[in-house]
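Geometric and topological summary
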Amino acid sequence: RQVLWAHSARPAVEVSCALLRQAIGLAHASGARNFAMVQEFQRTTCELQMVNLIQLPVEELRCFFINIFNVLVLHARITSKAPADCAQVVPRCSFFRNTSYQVGKYFYSLDDICRGILRAKKCLFLDCDPRVHFALSYGTPHTPDARVFSPGTLDED
């Protein structure tokens, strides 16, 4: 069942930062997750349907996609859709290809964001910045914890 966002969206980076803060709070909550809070988070992710990425400066695009990648990984963990065993390649490949958000009128999978946009394999508007690998959280013990990135402090972060 697809939920549609009926309101106008906030600026793209603001949406990504707010969603990531909410996802981090849910992912790190101790004890049982509050079902209503998870539902509210899932409803709030629908705001991405109305986000406009056209004419965003490069640093804002980079922050947006880093944050959304991390939100999407945490969202899958919160809803138990992430593979349980990080060592199994096939489930992880499928997970990265099939786990996606609709941003504006396009769908972006984890694979599209990481390999296509942030690593600049299929992206015409972003150059690859090797530091991006230190910003992405794959939800494993071997990658950094997710944290919120903003354009003004991206280089320092």
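Scroll up to find the structure this text is about.
The sections below set out a description of the structure shown in this document. The residue numbers shown here count from 1 along each chain, following its written sequence. Per-residue local features are limited, in this predicted model, to residues with pLDDT of at least 70; the limit for side-chain atom pairs, both in listing and counting, is 80 or more; totals at the level of whole chains, interfaces and linings are taken over all residues. In computing side-chain values, all of the structure's heavy atoms are included and hydrogens and water are not.

The next subject is the environment of F134. Each helix is a run of H or I in the DSSP string that is no shorter than four residues. Each strand is a run of E no shorter than two, and both are numbered from the N terminus. Relative to the assigned elements, F134 resides in the segment after α5 (110-118). Think of it in three bands: with a 1.4 Å probe and only protein chains considered, a residue is buried below 20% of the maximum accessible area for its type, exposed above 50%, and partly exposed in between. Judged by its relative accessible area of 65%, F134 falls in the exposed class. The spacing of F134 and P144 is 10 residues in sequence and 6.8 Å in space, taken between C-alpha atoms.

Further remarks concern the pattern of salt bridges. In what follows, salt bridge is the name for a side-chain nitrogen of Lys or Arg lying within 4 Å of a carboxyl oxygen of Asp or Glu. Inspection of every chain in the model, using the stated rule, returns 4 salt bridges. When the shortest N-O distance is used, the salt bridge between R10 and E47 registers 2.8 Å. Taken together, the positions of R10 in the segment before α1 (12-27) and E47 in the loop between α2 (35-45) and α3 (58-78) put the pair 37 residues apart, joining distant regions of the chain. Among the residues examined, R10 registers a relative accessible area of 31% and is labelled partly exposed. Look at E47 and you get buried, because its relative accessible area is 4%. The partner of R62 in a salt bridge is E59, and the shortest N-O contact between them spans 3.0 Å. Of the two residues, R62 and E59 are both situated in helix α3; the distance of 3 residues between them amounts to about one turn of the helix.

Ring pairs are drawn from Phe, Tyr and Trp, using the six-membered ring of Trp, whenever the two centres fall within 6.5 Å, and their geometry is named by plane angle: stacked under 30 degrees, edge-to-face over 60, tilted for the rest. The final tally for this structure, using the stated rule, is 4 aromatic pairs. A ring pair is formed by F65 and Y108, whose centres lie 5.3 Å apart and whose planes are at 65 degrees; its orientation type is edge-to-face. Note that F65 is positioned in helix α3 and Y108 in strand β2 (residues 106-109), a separation of 43 residues in sequence. Its relative accessible area of 1% is what places F65 among the buried residues. With centroids separated by 5.3 Å and ring planes inclined at 90 degrees, the aromatic side chains of F95 and F96 adopt a geometry described as edge-to-face.

Turning our attention to unusual backbone geometry. One can expect most non-glycine residues to show negative phi and most peptide bonds to be in trans. Within the chain, Q55 stands out as a residue other than glycine whose phi angle is a positive 65 degrees. Along the chain, Q55 turns up in the loop between α2 and α3. Given a relative accessible area of 78%, Q55 falls into the exposed group.

Attention now goes to the pairing of strand β1 (residues 100-103). In β1, alternate side chains face the same way, and those of Y101 and V103 are buried while those of S100 and Q102 on the opposite face are not. DSSP bridges decide pairing: two strands pair if at least two such bridges lie between them. In this sheet, β2 lies alongside β1 in antiparallel orientation, the contact comprising 4 bridges. Within β2, the residue paired with Q102 across the bridge is F107. The turn joining β1 and β2, which pair antiparallel and follow one another in sequence, is formed by 2 residues; a positive phi near 65 degrees is taken by G104.

The subject of this paragraph is α2. Taken together, the buried positions of α2 are V38, F41, T44 and T45. Projected down its long axis, α2 carries its buried residues within an arc of 125 degrees, all on one side. By the N-cap criterion, in which a side-chain oxygen at the helix start approaches the backbone nitrogen of a residue two or three places on, α2 is capped by N34, the distance to A36 being 2.8 Å. Along the arc lie the directions from the helix axis toward the C-beta atoms. The definition of a polar contact used here is a pair of N or O atoms within 3.5 Å, where within protein one atom must be able to donate a hydrogen and the other to accept one, and adjacent residues in sequence count solely through side-chain atom pairs.

Axis definition: a line fitted to C-alpha atoms, limited for helices to the stretch in contact. Angles are taken between N-to-C directions and run from 0 to 180 degrees. At a minimum axis separation of 9 Å, α3 and α5 run at an interaxial angle of 155 degrees. Taken together, the axes of α3 and α5 are roughly antiparallel relative to one another. The chirality of how α3 crosses α5 is left-handed. For the pair α3 and α5, the contacting residues are R62, F65, I66, I68, F69, L72 and V73 in the first and L110, I113, C114, I117 and L118 in the second. Throughout, the ten residues Ala, Val, Leu, Ile, Met, Phe, Trp, Tyr, Cys and Pro are labelled nonpolar, Asp, Glu, Lys and Arg are labelled charged, and all others, Gly among them, are labelled polar. In the contact of α3 with α5, the residues fall into 11 nonpolar, no polar and 1 charged. Angles are sorted into four bins: roughly parallel if under 35 degrees, roughly antiparallel if over 145, roughly perpendicular if 65 to 115, and oblique for all others. Two helices crossing with the near one rotated counterclockwise from the far one by less than a right angle form a left-handed crossing, whereas a clockwise rotation gives a right-handed crossing. The contact criterion used is simple: two residues touch if any of their non-hydrogen atoms lie within 4.5 Å.

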